[in-house]
Protein chains: 2
Amino acid sequence: MNIVLLSGGSGKRLWPLSNDVRSKQFIKIFRTADGGHESMVQRVYRQIKAVDPDATVTIATSKTQVSAIHNQLGESVGISVEPCRRDTFPAIVLATAYLVDVQGVDPEQPVVVCPVDPYVQDDYFAALKALGEQAALGQANLVLMGIEPTYPSEKYGYIIPKSDAPVSEVETFKEKPDAETAKGYIARGALWNGGVFAYKLGYVLDRARELLDYTSYQDLFDRYDTLPKISFDYAVVEKEPKIQVMRFAGQWKDLGTWNTLTEAMGEQVVGEGILNDTCRNVHIVNELNVPVLAMGLQDVVISASPEGILVSDKEQSSYIKPFVDKIDQQIMFAEKSWGSFRVLDVEKESLTIKVTLNPGHSMNYHSHQRRDEVWVVISGTGRTVVDDVEREVHPGDVITMAAGSRHTVLAQSELQLIEVQLGRDISVHDKQKFPME
Amino acid sequence: MNIVLLSGGSGKRLWPLSNDVRSKQFIKIFRTADGGHESMVQRVYRQIKAVDPDATVTIATSKTQVSAIHNQLGESVGISVEPCRRDTFPAIVLATAYLVDVQGVDPEQPVVVCPVDPYVQDDYFAALKALGEQAALGQANLVLMGIEPTYPSEKYGYIIPKSDAPVSEVETFKEKPDAETAKGYIARGALWNGGVFAYKLGYVLDRARELLDYTSYQDLFDRYDTLPKISFDYAVVEKEPKIQVMRFAGQWKDLGTWNTLTEAMGEQVVGEGILNDTCRNVHIVNELNVPVLAMGLQDVVISASPEGILVSDKEQSSYIKPFVDKIDQQIMFAEKSWGSFRVLDVEKESLTIKVTLNPGHSMNYHSHQRRDEVWVVISGTGRTVVDDVEREVHPGDVITMAAGSRHTVLAQSELQLIEVQLGRDISVHDKQKFPME
């Protein structure tokens, strides 16, 4: 089975754990059998491999997520890297071309495309396999998964099938309706459109030749930022007459809000937290290294991270976005291609951060015009370069960099350092990059 | 008017703002007219001075609070420093002797003793003045304030007066009762005992001569750690036949729990916080520099500090103590005689803290056996001494101290530095102090 998992961008609905630079699918929130925790990405990947150990999994994502994906899934997973964000049609074409041109998969083979973050059981992956097999039959150019609705949701688009057979032709598609309209759709046998579909690889490459002048993966990659921002639904699905839908009646949850996410958690508390015995249906997700104590609460989610603290009634938590949009908070934590950083202290003329570099990784060689910096290595070993002078560094070593001096650090083992920035106008924009000599 | 304010020790009922080293009376939580915030100590001191600008205020406390008191009230307030904790009788004797022997107040003058943390209005301080004037009459050796009960509280002791006159002799005292018993006391005209009383200074010095071999303030101070741990109630109040009670019917609140404290707050949010419009009777007290977002909550208090996060139903918050006792949390923030520190990062072989020194103050000259340290000055100026070598330091200066080297820093202006501790067995107990040469 070939599977393309679409790993989307940032979002604020799970603030303070997700934000402009952190995506929800990497939050380790699900209890594993060995007592640890796994993320949505890790859970889905493990489930696919359990159903089909030979499945070829390709993750379509932006370059900002590559390091996090390798961290969480290992080096053997395929990644189709979008050089920039261009909506789902270019992204799916790029991943399809990656499978054919880079991985050498036969264009007659089917592929299943689905989001990386549904909360589902093993029967879902068996259904994905069936979806691919249905596409391989060639009765239709596209086979969609239609999820049997459990309530008249306003959050999903609907697929109206021609019949109630397990596999049916599609009569029409409907946009997200209001609840009353949704009830009418369901009475007509409508199914939720979960954005899951299968096709033969060559089919989408044909569409790409028509719409994007596709010639090869490399050509597409090189001019990716010039491709039109159009959705796969608009470019392909809505225009395709030979289209089928296959029913799926198993558990399928979209964990996009704290309310739905906490329903799927296997435990009340992740991180340091205490609930007293008068708490009912309370969840704590705490990324800070100090305890959360909850007393006498009902139906509440508490989440704490370096970005902030949310305390919300679970129902209300789905209305979080406008409030988070108003918070003009400096990014306090971010995962970067080379590791991560966390802001420890903010003063008027200084900023103190903790930097963690992954083994073998380094920052860009760069300088700042308006601030001095001091590094204190607290763990690991590596090499620093300051104005072209290289040295080996170990815990306790101090590196001082005056404004204007070029500098970088390369981690041999995982390397952590405390960086103190000093100056009157500290800004992330005060940065010049240089090639290494 | 002479007033002694008893400033008690640490407590956990207002965790995470109060803990083993931080007392609730110094938390700046009450909105002031100019839009700032004041603490319980500052509020009470301001109120006394408003009622009687010439009042002589002496604060009886331990040496750990001296710096915080001077910080909050200025240098002119009198402080009777207890060398160690010895219960209320030795503490009140020491403060009384301080007034007579150090301040030179006539022993025939009255003094009013009261806790530093009641939440009261100006009429309370007028009542304190009347209490002192009643003691000056000499009709009784002790005059207690009896607070008219507003409900049958189980939290207070009761005073049963002989009559319902404004000033009456005391018939008897009752320990904290259960609610049913309290109702019976109140039916008999009982009053709450708020621990407020007045006496002529010489009266308590006479008791001290009998019970503590009192000769002078200095002698008492020098052998303070050998004095018996007995309460003023036990040693004096319960044995005194010539004792009166004076009624007080104004507002009087003991802000010992989050429930009572938030009732007295003039605003919903102190610190960074957002309440959505479905929150009812929710208070946020946030000392962290990231926002708290509260949605859809009722009757809840949220408090965040470097020590942890409390989210509690207000009624339930009075049962906090056993839960906080179980939290084995490193002290993350503390006010010291020389300033304050805050833990920023904890790793297996390093600890990063932010140190703030008050102008003119310095740490002890000290060394550590098992850790190296690095200081990066981030604001202010001062002088460091490392192994007897002195230097002037400014923002951006880095001082490295190998294990075993003696070091200190003296702040000229307020001085802040980031201290990185490095070693395998970092412990607060690994510290040797030295005299400066």
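The structure under discussion appears in the preceding block.
These lines cover the structure that appears in this document, whether it is placed above or below. Note that the structure is predicted; figures quoted are calculated from it, not measured. (Residues numbered from 1 in each chain as written. Chains lettered and ligands numbered in written order. Predicted model: local features only at pLDDT ≥ 70, side-chain atom pairs only at ≥ 80, totals over all residues. Heavy atoms only, no water.)

**With respect to the relation of the copies chain A and chain B**
After a rotation of 180 degrees and a shift along the axis of 0.0 Å, chain A superposes on chain B with an RMSD of 0.2 Å. Taken together, these values place the two copies in the relation of a two-fold axis. For chain A, the minimum C-alpha distance to the rotation axis belongs to Leu344 of chain A and amounts to 2.9 Å. Taken together, the interface assignments show that 100% of the residues at the interface of chain A recur at the interface of chain B, consistent with an identical surface on both copies. (Least-squares fit on C-alpha atoms with pLDDT ≥ 70 in both. Contact = heavy atoms within 4.5 Å.)

**Concerning the environment of Ile230 of chain B**
All names here are of chain B. Considering the arrangement of structural elements, one finds Ile230 in the loop between helix H7 (217-222) and helix H8 (232-235). On the accessibility criterion, Ile230 (22% relative accessible area) is partly exposed. Look past the residues within four positions of Ile230 in its chain and what remains in contact with it is Arg86, Asp87, Thr88, Phe89, Pro90 and Ala235. (Helix = DSSP H or I, 4+ residues; strand = E, 2+ residues; numbered from the N terminus. Buried < 20%, exposed > 50% of the residue type's maximum accessible area, 1.4 Å probe, protein only.)

**Comments concerning the sheet that holds strand E24 (residues 372-379) of chain A**
Residues and elements named next belong to chain A. Taking strand neighbours across the sheet as the criterion, the six strands line up as E20-E21-E22-E29-E24-E27 in an open arrangement whose pairing is antiparallel. A strand with exactly one partner marks an edge of an open sheet, and here the two such strands are strand E20 (333-336) and strand E27 (398-401). For this sheet, the mean inter-axis angle between neighbouring strands, taken without regard to orientation, is 20 degrees. Judged from the four bridges that link them, E24 and E27 form a sheet pairing that is antiparallel. The partner of Val374 across the bridge, within E27, is Thr400. (Pairing = 2+ DSSP bridges. Axes fitted to C-alpha atoms, helices over the stretch in contact; angles between N-to-C directions.)

**Quick look at the pairing of strand E11 (residues 191-200) of chain B**
All names here are of chain B. Counting buried positions over the 10 residues of E11 gives eight, a clear majority of the element. Strand direction decides the pairing type here: strand E6 (residues 110-115) and E11, joined by four bridges, are antiparallel. Across the sheet, the residue bridging to Pro110 is Lys200, located in E11. Sheet analysis places strand E8 (residues 142-147) next to E11, joined by four bridges and oriented antiparallel. Note that in E11 the partner of Val143 across the bridge is Ala198.

**Examining the sheet that holds strand E14 (residues 269-270) of chain B**
Reading across the sheet, the six strands line up as E15(A)-E17(A)-E19(B)-E18(B)-E16(B)-E14(B) and stay open at both edges, with mixed pairing between neighbours. With one partner strand each, in any of the chains shown, strand E15 (273-275) of chain A together with E14 of chain B form the two edges of the open sheet.

**A word on the interface of chain A and chain B**
Contact with chain A, which involves 52 residues of that partner, is made by 52 residues of chain B. Summing both partners gives a buried area of about 4,000 Å² for chain A against chain B, and 70% of it is carried by carbon and sulfur. It is Leu293, Met295 and Ile309 of chain A in chain A that bury the most area against chain B; as a group they hold 17% of the surface buried on that side. The residue Asp345 of chain B makes a salt bridge to Lys354 of chain A at a minimum N-O spacing of 2.8 Å. One can count 20 residue pairs in polar contact (both at pLDDT 80 or more) joining chain A with chain B. A class-by-class count of the residues in the side of chain A that touches chain B yields 33 nonpolar, 13 polar and six charged. (Buried area = accessible area lost by both parts, 1.4 Å probe. Salt bridge = Lys/Arg side-chain N within 4 Å of Asp/Glu carboxyl O. Polar contact = N/O pair within 3.5 Å; in protein donor to acceptor, adjacent residues only side chain to side chain. Nonpolar A, V, L, I, M, F, W, Y, C, P; charged D, E, K, R; others polar.)

**Describing unusual backbone geometry**
Across the junction of Trp15 of chain A and Pro16 of chain A, the peptide omega takes the value 5 degrees, indicating a cis bond. Counting through the fold element by element, Pro16 of chain A comes out in the loop between strand E1 (2-6) and strand E2 (30-31).

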